[in-house]
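Listed below, chain by chain, are the residues.
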Amino acid sequence: MAYAVKRAKGFAGYYRDAHGKRCSAGIFPTEAEAIIRAGDLEGLVTSHPSPSTTSSTTYAEHFEHWLTDVRGISPRTIIGYEYEIRKHVLPLLGHHPVAAMTQHIVRDMVDVLLLQGAGPHTVVQCKSALGRALRPLVPDVLASNPCHGGKVAVPPSS
């Protein structure tokens, strides 16, 4: 979905490409122009969800497909994401259909990880990796990324 952000010299128009990466459409004098131009560019981008992402596709199935097609992330980051997802996220959410993923489910995952003794850094990494893997599904499979909009509550250290 195209949107605009106020800048010093006008409004910057933004949209997401087929891989979920934020792209700029440029700076325009009005917000309406920025949104229209970003929307036009977004329409030119061919966004095809993975053939494996149907309403019954589990997160584990999606994750395996995502790993084979991931772009725009350094290899070191991919290794870290893969480790956190395989160790912490898949045991909790691997069976869950990606089309039904919500912020509530992500918050529950965070709570369970904290109860299991995972450190705050690990929990943040897991949420970040999950969000990055779900990004290509927005807006075709998911209306929005369920990992966005919530902060990880860090318990006080003892």
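Please refer to the structure higher up on the page.
Okay, so let's go over this structure.

Definitions and limits used
- Residues numbered from 1 in each chain as written.
- Predicted model: local features only at pLDDT ≥ 70, side-chain atom pairs only at ≥ 80, totals over all residues.
- Heavy atoms only, no water.
- Helix = DSSP H or I, 4+ residues; strand = E, 2+ residues; numbered from the N terminus.
- Buried < 20%, exposed > 50% of the residue type's maximum accessible area, 1.4 Å probe, protein only.
- Contact = heavy atoms within 4.5 Å.
- Areas by Shrake-Rupley, 256 points an atom, 1.4 Å probe, with all protein chains shown as cover.
- Axes fitted to C-alpha atoms, helices over the stretch in contact; angles between N-to-C directions.
- Parallel < 35°, antiparallel > 145°, perpendicular 65-115°, else oblique.
- Left-handed = near helix turned anticlockwise from the far one by under 90°.
- Nonpolar A, V, L, I, M, F, W, Y, C, P; charged D, E, K, R; others polar.
- Phe/Tyr/Trp six-rings, centres within 6.5 Å; stacked < 30°, edge-to-face > 60°.
- Lys NZ or Arg CZ within 6 Å of the ring centre and 35° of its normal.
- Pairing = 2+ DSSP bridges.
- Bend = angle between axes of the 7 residues up to and from the residue.

1. Focus on the overall build of the chain
Okay, so step 1: The helix and strand tally for the chain stands at five helices and three strands.
Okay, so step 2: For the chain, the sequential pattern of α-helices and β-strands runs β-β-β-α-α-α-α-α.
Okay, so step 3: Burial statistics for the chain: of 158 residues in total, 37% are counted as buried.
Okay, so step 4: Summarising the internal contacts of the chain: among those between residues at least 6 apart in sequence, 54% fall at separations of at least 24.
Okay, so step 5: Accessible surface, the chain: about 9200 Å² in total, of which carbon and sulfur atoms supply 57%.

2. As for the packing of helix α4 (residues 103-115) against helix α5 (residues 120-134)
Okay, so step 1: Contact geometry of α4 with α5 gives a least axis separation of 10 Å together with a crossing angle of 150 degrees. Considering the angle they form, α4 stands roughly antiparallel to α5. Judged by the twist between their axes, the crossing of α4 over α5 is right-handed. Residues V106, M109, V110, L113 and L114 of α4 pack against V123, C126, K127 and L130 of α5.
Okay, so step 2: Looking at side-chain class alone, the contact of α4 with α5 contains eight nonpolar, no polar and one charged residues.

3. What about unusual backbone geometry?
Okay, so step 1: Cis geometry marks the peptide bond from V138 to P139; its omega dihedral reads 5 degrees.
Okay, so step 2: Position of P139 among the secondary structure elements: in the segment after α5.

4. Considerations on the packing of aromatic side chains
Okay, so step 1: Taken as a whole, this structure holds three aromatic pairs when the rule is applied.
Okay, so step 2: An aromatic cluster of at least three residues, connected via ring pairs, comprises Y59, F63 and W66.
Okay, so step 3: Residue placement shows K6 over the ring face of F11; its charged tip is 5.0 Å from the ring centre.
Okay, so step 4: Between R22 and the ring centre of Y14, over which it is positioned, the NZ or CZ distance is 4.3 Å.

5. Describing the sheet that holds strand β2 (residues 10-16)
Okay, so step 1: Reading across from one edge, β1-β2-β3 is the order of the three strands in this open sheet, with antiparallel pairing throughout. Only two strands of the sheet have a single partner each, and these edge strands are β1 (3-7) and β3 (22-28). Averaged over all adjacent pairs, the angle separating strand axes in this sheet is 30 degrees, with direction ignored.
Okay, so step 2: Relative to β3, β2 runs antiparallel, the two being bridged by six bridges. The residue bridging F11 from the neighbouring strand is F28, located in β3.

6. Description of helix α3 (residues 75-93)
Okay, so step 1: By the largest-angle criterion, I85 marks the main kink of α3, which is about 45 degrees.
Okay, so step 2: Those residues of α3 that sit buried are I78, Y81, E84, I85, H88, V89, L90 and L93.
Okay, so step 3: Close packing links the buried residues of α3 with α2 (59-69), α4 and α5.

7. Section: the pairing of β2
Okay, so step 1: The element β2 is extensively covered by neighbouring structure, given that six of its seven residues are classed as buried.
Okay, so step 2: Pairing geometry for β1 and β2, over five bridges, is antiparallel. For Y3, the partnering residue across the bridge sits in β2 and is Y14.
Okay, so step 3: Here β1 hands over to β2 after two residues, the two strands then running antiparallel side by side.

These values are about where atoms sit, not about what they do.
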